[in-house]
Amino acid sequence: MTISPLVKNSHSVTVLDLKSGKRNPVIGDFDFPEGLPTADELPCSDAKFQLYKLIEGEYVLQSAGQKPYWMPEIGLAIGAEKRAYGAMEREWLYWYDENEARYPTPTERAEAVSQQFQNEAAARIAVGQENNVLREKLRELGIDPDSIS
């Protein structure tokens with residue numbers, strides 16, 4: 001099994017096998033492969049997102065979180081952004097397309113769909129109110145709106 005790339009932050013490690021496409025998240029203590037820096041070897045105490053790739057038997061840093069890292073093997077980029085989720089603000093991992101546009105999370109997609117439905121409902125109500133105003137004006141002119149086909 002080729003484990004590449006390896007995603008590491010201060011709390012967990014996720015190994016993505018690019019051949020099988022399976023992810024293996026490891027939470028807590030983890031014996032990092034030789035050549036991969038441990039949390040105490042990182043320059044700051046709050047470790048940031050880093051992505052390593054196994055190249056010729058050595059783990060080589062590919063991205064230190066400055067921008068999403070493109071992985072042609074899977075047609076996606078991965079990156080980290082600091083965002084709030086509920087009351088917790090921290091660095092989260094996200095998937096990106098080839099133009100570095102972040103894919104929305106399931107929660108964000110649900111919120112967008114909900115907002116779209118609310119907008120459509122408000123538009124239908126506005127059209128209905130406008131229709132009622134027009135019907136009333138026709139009645140004022142002595143025209144039965146129900147008789148118009």
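Residues numbered from 1 in each chain as written. Predicted model: local features only at pLDDT ≥ 70, side-chain atom pairs only at ≥ 80, totals over all residues. Heavy atoms only, no water.

## As for the confidence of the model for the protein
Across the protein, pLDDT averages 76, with 67% of residues at or above 70. In the predicted structure, residues 25–30 sits below a pLDDT of 50 and forms 8 contacts with residues beyond four places in sequence or in another chain. (pLDDT = per-residue confidence, 0-100. Contact = heavy atoms within 4.5 Å.)

## Overview of the sheet that holds strand 6 (residues 69–71)
Sheet strands associate in pairs through backbone hydrogen bonding, adopting either a parallel or an antiparallel arrangement. One open sheet accounts for 3 strands, arranged 6-7-8; its pairing is antiparallel. Of all strands in the sheet, those bounded by a partner on one side alone are strand 6 and strand 8 (88–96). Averaged over all neighbouring strand pairs, the angle between strand axes comes to 30°, with direction disregarded. Judged from the 3 bridges that link them, strand 6 and strand 7 (residues 76–85) form a sheet pairing that is antiparallel. Pairing of tryptophan 70 across the sheet is with alanine 77, part of strand 7. (Pairing = 2+ DSSP bridges. Helix = DSSP H or I, 4+ residues; strand = E, 2+ residues; numbered from the N terminus. Axes fitted to C-alpha atoms, helices over the stretch in contact; angles between N-to-C directions.)

## Considerations on the pairing of strand 5 (residues 58–63)
One ladder, built from 5 bridges, connects strand 4 (residues 50–55) with strand 5; its direction is antiparallel. By the bridge assignment for strand 5, isoleucine 55 is matched with glutamate 58. Where strand 4 hands over to strand 5, the hairpin turn is made up of 2 residues, of which glutamate 56 adopts a positive phi near 50°.

## A closer look at the packing of aromatic side chains
Taken as a whole and assessed by the stated rule, the structure comprises 0 aromatic pairs. If you follow arginine 83 out to its NZ or CZ, it ends over the ring of tyrosine 94, 5.8 Å from the centre. Seen from the ring of tyrosine 94, arginine 102 lies directly overhead, with NZ or CZ sitting 4.2 Å from the centre. (Phe/Tyr/Trp six-rings, centres within 6.5 Å; stacked < 30°, edge-to-face > 60°. Lys NZ or Arg CZ within 6 Å of the ring centre and 35° of its normal.)

## Regarding the nonpolar core
Within the largest apolar cluster, 6 residues are counted, these being Phe49, Leu51, Tyr69, Met71, Ile78 and Ala80. At the level of elements, strand 6 and strand 7 are the ones that each hand at least two residues to this core. If sequence neighbours within four positions are ignored, alanine 80 has contacts with Phe49, Glu91, Trp92, Leu93 and Tyr96. (Core = buried A, V, L, I, M, F, W, Y, C linked by side-chain atoms within 4.5 Å. Buried < 20%, exposed > 50% of the residue type's maximum accessible area, 1.4 Å probe, protein only.)

## Re the side chain of glutamine 50
One can find glutamine 50 in strand 4. For glutamine 50, a relative accessible area of 12% corresponds to the buried category. Only 2.8 Å separates the side chain of glutamine 50 from the side chain of tyrosine 52, close enough to count as a polar contact. (Polar contact = N/O pair within 3.5 Å; in protein donor to acceptor, adjacent residues only side chain to side chain.)

## Observations concerning the side chain of aspartate 97
Here aspartate 97 is to be found in the loop between strand 8 and helix 1 (106–140). One buried charged residue, aspartate 97, remains without a salt bridge, the closest side chain of opposite sign being arginine 102 at 11 Å. Within polar-contact distance, the side chain of aspartate 97 engages the backbone nitrogen of alanine 101 at 2.9 Å. With residues near it in sequence (within four places) discarded, aspartate 97 still touches Trp70, Ala77 and Tyr103. (Lys, Arg positive; Asp, Glu negative; His and termini not counted. Salt bridge = Lys/Arg side-chain N within 4 Å of Asp/Glu carboxyl O.)

## So, helix 1
Helical geometry note: an α-helix holds 3.6 residues per turn, so side chains three or four residues apart project in the same direction. With 35 residues, helix 1 ought to run about 51 Å at 1.5 Å a step, and its terminal C-alpha atoms sit 51 Å apart, in line with that. Positioned one or two residues after helix 1, glycine 142 has a phi angle of 85°, which is positive. (Expected span 1.5 Å × (residues − 1).)

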